[in-house]
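# A look at the structure
Each chain, letter by letter, is given below.
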Amino acid sequence: AQSVTQLGSHVSVSEGALVLLRCNYSSSVPPYLFWYVQYPNQGLQLLLKYTSAATLVKGINGFEAEFKKSETSFHLTKPSAHMSDAAEYFCAVSERGNNRLAFGKGNQVVVIP
Amino acid sequence: DVKVTQSSRYLVKRTGEKVFLECVQDMDHENMFWYRQDPGLGLRLIYFSYDVKMKEKGDIPEGYSVSREKKERFSLILESASTNQTSMYLCATLDRGAGQPQHFGDGTRLSIL
């Protein structure tokens, strides 16, 4: 069964510093991969997705993620954190031919002024 | 844009009550999902539906049932609410096609007293 690991439930980053959120997955074949963001009292919003095109994927709000098959990873980055990036971030994976998503436990990002 | 509407943002019910959570989508998507979200546990799939009157159990179906009589509406039912069902409930939809992302409603925060 597919699974997703996100380490570090809470991540603190200084305003203007690099944001790096790690995601590792287990899947028998290259899956579809997603990053979602959740602002307080809202649902999940898609940041970006990987579906086997370019391995470096650009998303909204200046975020990007790189698919590395050899490392089974899909880490999320943003060069310079902004106060508005404070939110919870979820990595999710689905296997091809399967509509179900498996989610990581999430990273709560705090941006320090 | 896909719109997924959950009927209540906040709901307070009593132990033993039968509780209905409603989700409506406006994009004719075949697949609909119900998740619960708890701190530190991420999102866990309760039930999903891939067509009208069709349903499948997710990872944590105990204590829940669902109904999908029309394509646009997917209801989650707590047959006899218990305090351990206090949680945030999220509905999502998914269009057909490889690598499509799920689209989420804003969630219902349910408290069982």
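These numbers come from a predicted model, not from an experiment.

### A short note on the nonpolar core
- Ranked by size, the top nonpolar core spans 27 residues in total, and within it Trp35(A), Leu47(A), Leu48(A), Phe74(A), Leu76(A) and Tyr89(A) carry the most contacts.
- Here this core gets four residues from one element, more than from any other, and that element is strand E10 (residues 87–94) of chain A.
- The residues touching Leu47(A), leaving out its near neighbours within four places in the chain, are Trp35(A), Tyr36(A), Val37(A), Gly59(A), Ile60(A), Phe63(A), Leu76(A) and Tyr89(A).
- Counting residues in hydrophobic clusters, the runner-up holds 20 residues, among them Met32(B), Ile60(B), Tyr64(B) and Leu110(B).

### Considering the packing of aromatic side chains
- All chains considered together, the criterion is met by 14 aromatic pairs over all chains.
- Both rings, one in Phe103(A) and one in Tyr35(B), keep their centres 5.5 Å apart while their planes meet at 90°; by these two values the pair is edge-to-face. Of this pair, Phe103(A) sits in strand E11 (residues 102–103) while Tyr35(B) sits in strand E4 (residues 31–38), on two different chains. The pair formed by Phe103(A) and Tyr35(B) is uniform in burial state, with each residue classed as buried.
- Grouped by ring-pair contacts, the aromatic residues Phe34(A), Tyr36(A), Phe90(A), Phe103(A), Phe33(B), Tyr35(B), Phe48(B) and Phe104(B) constitute a single cluster.

### Some words on the interface of chain B and chain A
- Each partner contributes to the interface: chain B provides 26 residues, whereas chain A provides 19 residues.
- Note on chain B versus chain A: buried area summed over both sides is about 1700 Å², and carbon and sulfur give 53% of it.
- Considering only the side of chain B, the residues that lose the most area to chain A are Leu43(B), Gly99(B) and Phe104(B), jointly responsible for 25% of the buried surface there.
- Here chain B is connected to chain A by one salt bridge.
- With its nearest N and O atoms 2.7 Å apart, the salt bridge here joins Asp59(B) to Arg100(A).
- Our count for the chain B to chain A interface comes out at seven residue pairs in polar contact (both at pLDDT 80 or more).

### Things to note about the side chain of Ser65(B)
- Mapped onto the fold, Ser65(B) is located in strand E7 (residues 64–70).
- If sequence neighbours within four positions are ignored, Ser65(B) has contacts with Tyr47(B), Ser75(B), Leu76(B), Ile77(B) and Glu79(B).

### Let's talk about the state of the cysteines
- Applying the stated criterion across every chain, the model contains two disulfides over all chains.
- Cys23(A) shares a disulfide with Cys91(A); S-S distance 2.0 Å. With the S-S bond torsion at -65°, the cross-link from Cys23(A) to Cys91(A) turns out left-handed. Of the two residues, Cys23(A) sits in the loop between strand E3 (19–21) and strand E4 (24–26) while Cys91(A) sits in strand E10, which places them 68 residues apart along the sequence.
- Each disulfide pairs two cysteine sulfurs, and for Cys23(B) the partner residue is Cys91(B), the sulfurs being separated by 1.9 Å.

### Observations regarding the environment of Asp95(B)
All names here are of chain B.
- Along the chain, aspartate 95 falls in the loop between strand E9 (87–94) and strand E10 (103–104).
- Exposure remark for aspartate 95: the relative accessible area of 30% places this residue in the partly exposed category.
- Sequence separation between aspartate 95 and methionine 27 is 68 residues; the distance between their C-alpha atoms is 8.4 Å.
- Setting aside residues up to four positions removed in sequence, aspartate 95 forms contacts with His29, Glu30, Asn31 and Gln100.

### Let's talk about the sheet that holds strand E8 (residues 73–78) of chain B
Residue and element names in this part refer to chain B.
- Pairing within the open sheet is antiparallel, and its four strands lie in the order E1-E3-E8-E7. Strands with a single pairing partner mark the edges of an open sheet, and in this sheet they are strand E1 (4–6) and E7. For this sheet the average axis-to-axis angle between neighbouring strands, irrespective of direction, equals 20°.
- Pairing analysis gives five bridges linking E7 to E8, with the strands arranged antiparallel.

About the thresholds
Residues numbered from 1 in each chain as written. Chains lettered and ligands numbered in written order. Predicted model: local features only at pLDDT ≥ 70, side-chain atom pairs only at ≥ 80, totals over all residues. Heavy atoms only, no water. Core = buried A, V, L, I, M, F, W, Y, C linked by side-chain atoms within 4.5 Å. Buried < 20%, exposed > 50% of the residue type's maximum accessible area, 1.4 Å probe, protein only. Helix = DSSP H or I, 4+ residues; strand = E, 2+ residues; numbered from the N terminus. Contact = heavy atoms within 4.5 Å. Phe/Tyr/Trp six-rings, centres within 6.5 Å; stacked < 30°, edge-to-face > 60°. Buried area = accessible area lost by both parts, 1.4 Å probe. Salt bridge = Lys/Arg side-chain N within 4 Å of Asp/Glu carboxyl O. Polar contact = N/O pair within 3.5 Å; in protein donor to acceptor, adjacent residues only side chain to side chain. Disulfide = S-S within 2.5 Å. Pairing = 2+ DSSP bridges. Axes fitted to C-alpha atoms, helices over the stretch in contact; angles between N-to-C directions.

The values are spatial; any link to function lies outside them.
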